[in-house]
Amino acid sequence: MASEDVVGKTTRESAVSTIVNLAEEAKLASEGVKAPSHALLSVCKSLIAGGVAGGVSRTAVAPLERLKILLQVQNPHSKKYNGTVQGLKYIWRTEGLRGLFKGNGTNCARIIPNSAVKFYSYEQASKGILLLYRHQSGNEEAQLTPLLRLGAGACAGIIAMSATYPMDLVRGRLTVQTEKSPRQYRGIFHALTTVLREEGPRSLYKGWLPSVIGVVPYVGLNFAVYESLKEYLIKAKPLGLVEDNDLSVITRLACGAAAGTVGQTVAYPLDVIRRRMQMVGWKDAASVITGDGRSKAPLEYNGMIDAFRKTVRHEGFGALYKGLIPNSVKVVPSIAIAFVTYESVKDILGVEMRISD
């Protein structure tokens, strides 16, 4: 009897142990399923916030964006746009309200995924760089410096720009064409297929190199200046700008405006060259690209350096800053709105934004 009791007790203990083990395994499995699901949800929220920020900010300044591109590429021997106010009035008079927003649908189709990838890439790059920086310095409390933020922003800009570059080329061509253009692109898909058929796959990346070079100071400085200004204001708390250890919407808009001004001023000549290179090969472009000497024939570029050289030789150094004024008027509210919209949407969606956490 004693031996039977011992065997029974052992059997019961074994059964209980098995049940406990199964319960623990089930718990771990459950946690294992929830963790990736939570991470995926967080990624989706970040991408949504970035996409909304890009769409809202670009639509708000769409007329100025179109005018900037028209000024960048118009033939100086046949000028239609002589400034910001005159240019906007001319578009309104000749094309109406739709003309002011021409190309904005394509721009949003490009900028929404671009902005989503850019903001998300910045957060991930910042986290990776911060971990590496803490490991190298041996200081677990170290924070990102402005230079490290510049690097993270540059990485984010290159990734986002490269992923959506064909859409940027198509957007530029749709924006430039007018009612009098010999050939009309009927939309995004038609433009993409036409460029592929007539100019080849490589043409979708015309101007990519100056874009990569330009995006480093532009996006890098945007993020670096914005984050550094925010950090400084929160720590210094000057002029009562900080409320409950956070910045007001107006203050964040001002930080974004400062960031946009610095970034676009440094990178603007590369944006002009990129846009001109995108137009090369488009036989039926209207009012684009200067001709050699006084000729109005389209000018061909053999690369980025050649584009710089010919632009300065035929039109002077000032040509590298064509459209800067409407771009400055546009980029300040655009960048400011983008940053504030992104943070506001993330707050609404409940996404943690601190890079150091």
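Residues numbered from 1 in each chain as written. Predicted model: local features only at pLDDT ≥ 70, side-chain atom pairs only at ≥ 80, totals over all residues. Heavy atoms only, no water.

Caption draft 1: Quick peek at the side chain of Ser211. Here Ser211 shows up in helix H7 (residues 208–236). Setting aside chain neighbours within four positions, we find Ser211 in contact with Met161, Tyr165 and Arg274. (Helix = DSSP H or I, 4+ residues; strand = E, 2+ residues; numbered from the N terminus. Contact = heavy atoms within 4.5 Å.)

Caption draft 2: Here's a closer look at helix H10 (residues 324–349). Between its terminal C-alpha atoms H10 stretches 36 Å, which fits the 38 Å expected from 26 residues at 1.5 Å a residue. Taken as a whole, H10 carries its principal kink of about 25° at Val331; the proline Pro333 stands between one and four residues after it. Looking one or two places after H10, you find Gly350, whose phi comes out positive at around 75°. (Expected span 1.5 Å × (residues − 1). Bend = angle between axes of the 7 residues up to and from the residue.)

Caption draft 3: Up close: the packing of helix H2 (residues 62–73) against H10. Here H2 crosses H10 at 155°, and the two axes come no closer than 8 Å. Viewed along their axes, H2 and H10 adopt a mutual orientation that is roughly antiparallel. Of the two elements, H2 crosses H10, and the hand of that crossing is left-handed. Residues Leu64, Glu65, Leu67, Lys68 and Leu71 of H2 lie in contact with H10, whose contacting residues are Pro326, Asn327, Val329 and Lys330. (Axes fitted to C-alpha atoms, helices over the stretch in contact; angles between N-to-C directions. Parallel < 35°, antiparallel > 145°, perpendicular 65-115°, else oblique. Left-handed = near helix turned anticlockwise from the far one by under 90°.)

Caption draft 4: Up close: the confidence of the model for the protein. Taken as a whole, the protein shows an average pLDDT of 76; of its residues, 77% reach a score of 70 or greater. pLDDT under 50 marks residues 285–297. Its contacts with residues more than four places away, or in other chains, come to 39 contacts. pLDDT under 50 marks residues 353–357. Its contacts with residues more than four places away, or in other chains, come to 12 contacts. (pLDDT = per-residue confidence, 0-100.)

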